Amino acid sequence: MDTPIRPSSEHHAGLAEVARTLGHPLRLALLEHLAQGERHVERLAALTGQSTAAASQHLQALRRTGFVQARRNGKHKVYRLGDGPVLILLAALQHYANSTEHGLYQSSGAPSCPGMHLEEFLRTPQRDRPFLLDVRPQDEYALGHVPGAINIPEDELIRRLPELPPCRRLVVYCRGPASPLSARAVQLLCAEGWDACRLEGGFPQWQAAGLRVDMPSIVSENP
């Protein structure tokens, strides 16, 4: 006979605490931005449209359960993701959300567009791989990006189309499934005649797979 598993056990209480920590949209947004690289708390507040005090409060909650870590940089506090498998957990949450009838892309308002799984991209021989386009803002690209990817922010794409190779397939990535940047960029590119698709999972999925990332050795960002 199976041993009963009681929901009041310490094990389940710990899992419930982790789940509660993630149970706020702002905290998930903060983790999404930190998946791009280290950020000053003031910059995180601006990116999420919150006051510094509100952002700090949620960051402290994330820090208590190890999702983020912090360090001092002069007068400012700088946050980064914790050392645990945070990216893997976020990717799993995004994958589950996308698998439901109210998938993450539908709820985010991003347009529907073709996608390529990371595994398919990696299986493609190097000489035949599509051209990688990073459509995140320039500061996020500078914090870390897929090797060989060119950066053209989504809001600059229409005027910088001549910089793209005209006869090569494009794979576009951005912050992750919750971000509409890559979907909008693919829609624009396809309308202009390019063979383009998005890289499913975006930059966080690439990191979660343990693949190499080009990034500066020292992070320096003004708040």
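Here the residue index of a chain counts from 1 through its sequence in written order. For a predicted model such as this one, the threshold for reporting local features is a pLDDT of at least 70, and the threshold for listing and counting side-chain atom pairs is 80 or more; totals across whole chains, interfaces and linings nevertheless cover every residue. Here the side-chain values reflect all heavy atoms present in the structure, with hydrogen atoms and water set aside.

### Describing the confidence of the model for the chain
Taken as a whole, the chain shows an average pLDDT of 84; of its residues, 86% reach a score of 70 or greater. Note on residues 105-109: pLDDT under 50 across the span, and 8 contacts to partners over four residues away in sequence or across chains. Every residue carries a pLDDT, the predictor's confidence in it, which falls somewhere between 0 and 100. Note on contacts: a residue pair qualifies if any of its non-hydrogen atoms lie within 4.5 Å across the two residues. Across residues 217-223, confidence stays below pLDDT 50; counting only partners more than four residues off in sequence or on other chains, it has 12 contacts.

### Remarks on a nonpolar patch on the surface
Residues Val18, Leu28, Leu89 and Leu93 make up a contiguous nonpolar surface patch of roughly 270 Å² in combined accessible area. A relative accessible area of 31% means that Val18 is categorised as partly exposed. Patch membership requires more than 30% relative accessible area and the absence of a salt bridge. Residues of like charge join within 9 Å; the nonpolar side chains Val, Leu, Ile, Met, Phe, Trp and Tyr join within 5 Å. With residues, only the protein chains shown are counted as cover, and all accessible areas are computed by Shrake-Rupley using a 1.4 Å probe. Take a side-chain nitrogen of Lys or Arg and a carboxyl oxygen of Asp or Glu: if they are within 4 Å of each other, that pair is a salt bridge. The buried label applies to any residue whose accessible area, calculated with a 1.4 Å probe on protein chains only, is under 20% of its type's maximum; exposed applies above 50%, and partly exposed to all values in between.

### Description of the packing of helix 3 (residues 41-48) against helix 4 (residues 52-64)
For any two helices packed against each other, one specifies the inter-axial angle together with the distance between the axes. The contact between helix 3 and helix 4 brings their axes to 8 Å, and the two run at 105°. The orientation of helix 3 relative to helix 4 falls into the category roughly perpendicular. Residue-level inspection shows Val41, Glu42, Leu44 and Ala45 of helix 3 in contact with helix 4, the latter providing Thr52, Ala55, Ser56 and Leu59. Just so you know the grouping, Ala, Val, Leu, Ile, Met, Phe, Trp, Tyr, Cys and Pro go in nonpolar, Asp, Glu, Lys and Arg go in charged, and all remaining residues, Gly too, go in polar. Among the residues making up the contact of helix 3 with helix 4, the classes are represented as 5 nonpolar, 2 polar and 1 charged. Axes here mean lines fitted to C-alpha atoms, for a helix over just the part in contact, with angles spanning 0 to 180 degrees between N-to-C directions. Comment: elements are numbered from the N terminus, with helices defined as DSSP H or I runs of at least four residues and strands as E runs of at least two. An angle below 35 degrees is treated as roughly parallel, one above 145 as roughly antiparallel, one from 65 to 115 as roughly perpendicular, and anything else as oblique.

### Things to note about the pattern of salt bridges
Side chains carrying opposite charge are able to pair once their charged atoms draw close together. Scanning the entire structure with this criterion turns up 16 salt bridges. Of the charged contacts in the structure, one is a salt bridge between Asp128 and Arg127, with a shortest N-O distance of 3.9 Å. In this structure Asp128 comes out as partly exposed when scored by relative accessible area, which is 46%. On the basis of relative accessibility, which here comes to 73%, the residue Arg127 falls in the exposed class. As a salt-bridge pair, Arg169 and Asp195 come within 3.7 Å of each other at their nearest N and O atoms.

### Some details on the packing of aromatic side chains
Here the aromatic set is Phe, Tyr and Trp, taking the six-membered ring for Trp, and pairing holds for ring centres within 6.5 Å; pairs whose planes are under 30 degrees apart are stacked, those over 60 apart are edge-to-face, and all others are tilted. Considering all chains together, one arrives at 2 aromatic pairs under this definition. Aromatic pair Phe121 and Trp206: ring centres 6.2 Å apart, planes at 65°, arrangement edge-to-face. Here Trp206 lies in helix 10 (residues 202-208) and Phe121 lies in helix 7 (residues 118-123), a separation of 85 residues in the sequence. Trp206 shares its class with Phe121; the two are buried. Relative to Phe203, the ring of Tyr173 lies with its centre 6.3 Å away and its plane at 25°, an arrangement referred to as stacked. Taken together, the residues span a long stretch of sequence, with Tyr173 in strand 7 (residues 170-173) and Phe203 in helix 10 at a distance of 30 residues. Each member of the pair, Tyr173 as well as Phe203, is classed as buried. Note on criteria: charge over ring means Lys NZ or Arg CZ within 6 Å of the ring centre, with the direction from the centre no more than 35 degrees off the ring normal. Here the basic side chain of Arg136 rests over the ring of Phe203, its NZ or CZ set 4.3 Å away from the ring centre.

### Remarks on the packing of helix 2 (residues 25-34) against helix 3
Running from N to C, helix 2 and helix 3 point in directions that differ by 120°, and their axes come no closer than 10 Å. Taken together, the axes of helix 2 and helix 3 lie oblique to each other. Crossing of helix 2 against helix 3: the hand is right-handed. Here Leu26, Ala29, Leu30, His33 and Leu34 of helix 2 come into contact with helix 3, specifically with Leu44, Leu47 and Thr48. Across the contact of helix 2 with helix 3, the residue classes tally to 6 nonpolar, 2 polar and no charged. Crossing handedness: left-handed means the near helix sits turned counterclockwise from the far one by under a right angle, and right-handed means the same turn made clockwise.

### What about the sheet that holds strand 8 (residues 196-199)?
Strand pairing is assigned whenever DSSP identifies at least 2 bridges connecting the two strands. Strand order in this open sheet of 5 strands is 4-8-7-5-6, and the pairing throughout is parallel. Two strands bound the open sheet, and with one partner strand each, they are strand 4 (115-116) and strand 6 (150-151). Looking at chain direction, strand 7 and strand 8 are connected through 3 bridges and run parallel. Within strand 8, the residue paired with Leu170 across the bridge is Ala196.

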